[in-house]
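Take a look at the letters that make up each chain.
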Amino acid sequence: MVTALPLPPGTLSAENQAYFEKCQEKLGFIPNVLLAYAHDDAKLTAFATLYNDLMLAPSGLSKLEREMIAVAVSSVNRCYYCLTAHGAAVRQLSGDPVLGELMAMNYRAANLSVRHRAMLDFAVKLTETPHLVGESDRNALTAAGFGPRDLWDIAAVASFFNMSNRMASAVDMRPNPQYHAQAR
């Protein structure tokens, strides 16, 4: 089972059916997170639209940087699904299997640039103690070379994965087995 909840698949819109076909064609499988949301076409559409905008649309953040944020946040939240799926993406995008493992275990142990350290420190603080995020945290991102739009994107990706981690944990969402072997 994809989740611990016995939710039957709903009727998918033509757009979501095409999206699943595209995933199957490009990835060779449909990510379980999408299958989990497939019980409700409107929720699947909302999730996929926001995910694709945050993770794939043009941004001052690279796709790797966005995946690094996903893994650092998911590490704090101990989200098995996201650590597995997005850890594979970090390995693949970086070409460095060790970096993917370090992101999952403890990004602070990785040899990161000042830019990446500031980005992940901010994302983790937003995850652990959001009420303590203040001007000095935003200034640290500016000093590391991030602009206002980049700061927005860092916060949006971190916030999305905090929500997604909580849903995955709540329903015991399981990652596709294919992620475990990718880019090793």
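Structure first, text after, so check above.
Residues numbered from 1 in each chain as written. Predicted model: local features only at pLDDT ≥ 70, side-chain atom pairs only at ≥ 80, totals over all residues. Heavy atoms only, no water.

**Thoughts on the packing of aromatic side chains**
Here's step 1: This structure, assessed with the given rule, holds 7 aromatic pairs.
Here's step 2: Here the aromatic rings of Phe 29 and Tyr 179 are separated by 5.2 Å at their centres, their planes lie at 90°, and the arrangement is edge-to-face. Residue Phe 29 is found in the loop between α1 (14-27) and α2 (32-37), and its partner Tyr 179 is found in helix α10 (residues 178-181); the two are separated by 150 residues along the sequence.
Here's step 3: Overall, the relative accessible area of 5% leaves Phe 29 in the buried class.
Here's step 4: With relative accessibility at 9%, the residue Tyr 179 sits in the buried group.
Here's step 5: Relative to Phe 47, the ring of Tyr 37 has its centre 4.4 Å away and its plane inclined at 20°; by these criteria the two rings are stacked. Placement of the pair is Tyr 37 in helix α2 and Phe 47 in helix α3 (residues 41-56), with a sequence separation of 10 residues. Like Phe 47, Tyr 37 is buried.
Here's step 6: Here the aromatic residues Tyr 37, Phe 47, Tyr 51, Phe 160 and Phe 161 are joined through ring pairs into a cluster of three or more. (Phe/Tyr/Trp six-rings, centres within 6.5 Å; stacked < 30°, edge-to-face > 60°. Helix = DSSP H or I, 4+ residues; strand = E, 2+ residues; numbered from the N terminus. Buried < 20%, exposed > 50% of the residue type's maximum accessible area, 1.4 Å probe, protein only.)

**Some points on the nonpolar core**
Here's step 1: Counting residues in hydrophobic clusters, the biggest one holds 61 residues, and the most contacted among them are Leu 34, Ile 69, Tyr 81, Met 103, Leu 120 and Phe 161.
Here's step 2: Of all the elements in the fold, those that place two or more residues in this core are α1, α2, α3, α4 (63-77), α5 (80-94), α6 (97-106), α7 (114-128) and α9 (148-170).
Here's step 3: For this core, the leading source of residues is α9, giving 9 residues. (Core = buried A, V, L, I, M, F, W, Y, C linked by side-chain atoms within 4.5 Å.)

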